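# A structural walkthrough
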Amino acid sequence: MFGSQLVLTPIANSKEECEEEMSEIVDPFSAEMSVVPEEPRSFRKFMMQLPTHLHLASPAAREWVSRRRENVRPWLLFINTHKFKAPPNLQRWSKRLARNVEYFQSNYMFVFIGLIIYCLITSPLLLLAVAASLGACYLLSLRNAETKLVVGGIEIAPAHQYAAVGVLSLPLFYLVGAGAVLFWVLGASLFIICVHASFYNIESVVGSEEEPFDLQMEQV
């Protein structure tokens, strides 16, 4: 009995010592692991703050975009090829053109924005120029949030600062060929909108303006 007790006691002590050693080994490892995610968290926090500053800096643009998104017609209806039909005469063409522009104005706006994005993706130099200009405006917004910019005792408004950035960016945009890209986007957008608005049979979607009068005459 005494021999077994003498043998078991060192084993229990060795187990306790092993647990203490394991805890000492795990603690530094867990401490290191807790420190490592701090960089991704800080980076993620910065990325979350980036759209927040832009979001608060342009309430009018945010409201305009929200209205355009609410007024977007279904894209399957917009690109439905079965709705395309040549107008019978010039008078119907002018009415159809005006009604399509009024009905699909948000869709046409997003087509224009899509063409701009396409040009930026296919023009790396222009993309870098736009990124540099927007980055300068973002840095100015951060500076204005902390302290106002005063030159010669006169406070410079943020709108004037952004305008100055735009004016200073004009030579850079000219060098990267922004003028040609702008004319291409305007021409392509005008062509797509005119073709779609001319041949899309809007009367089959919202009805013709003459139909209510025809129904009224039949009832009388």
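Rules behind the numbers
Residues numbered from 1 in each chain as written. Predicted model: local features only at pLDDT ≥ 70, side-chain atom pairs only at ≥ 80, totals over all residues. Heavy atoms only, no water. UniProt positions renumbered as here; feature names shortened; annotations may be inferred. Salt bridge = Lys/Arg side-chain N within 4 Å of Asp/Glu carboxyl O. Helix = DSSP H or I, 4+ residues; strand = E, 2+ residues; numbered from the N terminus. Buried < 20%, exposed > 50% of the residue type's maximum accessible area, 1.4 Å probe, protein only. Expected span 1.5 Å × (residues − 1).

- The name given to the protein in an unreviewed UniProt entry is PRA1 family protein, with the source organism recorded as Petrolisthes manimaculis.
- Per UniProt, the protein has the following entry under Sequence similarities (unreviewed entry): "Belongs to the PRA1 family."

## Things to note about the pattern of salt bridges
- Within this structure, the stated rule accounts for two salt bridges.
- The shortest N-O distance in the salt bridge between Glu 203 and Arg 92 comes to 3.9 Å. You can see Glu 203 sitting in helix H10 (residues 203–206) and its partner Arg 92 sitting in helix H5 (residues 90–103), a full 111 residues away along the chain.
- Under the relative-accessibility criterion, Arg 92 is labelled partly exposed at 30%.
- Close ionic contact of Arg 96 with Glu 203 constitutes a salt bridge, the shortest N to O distance being 3.6 Å. Taken together, the residues Arg 96 in helix H5 and Glu 203 in helix H10 connect sequence positions 107 residues apart. You'll find Arg 96 and Glu 203 in the same group, each marked buried.
- Through salt bridges with shared partners, a single network forms among Arg 92, Arg 96 and Glu 203.

## Let's talk about helix H6 (residues 105–122)
- Relative to the 26 Å expected for 18 residues at 1.5 Å per residue, H6 spans 26 Å between its end C-alpha atoms, a close match to the ideal helical length.
- Within H6, burial applies to Ser 106, Asn 107, Tyr 108, Val 111, Leu 115, Cys 119 and Leu 120.

## Here's the deal with the UniProt feature "transmembrane region" (unreviewed entry) in the protein
- When the UniProt feature table is mapped onto this chain, "transmembrane region" (unreviewed entry) is found at residues 108–141 and 172–195.
- With 97% helix and 0% strand, residues 108–141 has end C-alpha atoms that lie 31 Å from one another.
- Here residues 172–195 is 92% helix and 0% strand, with 34 Å between the C-alpha atoms at its ends.

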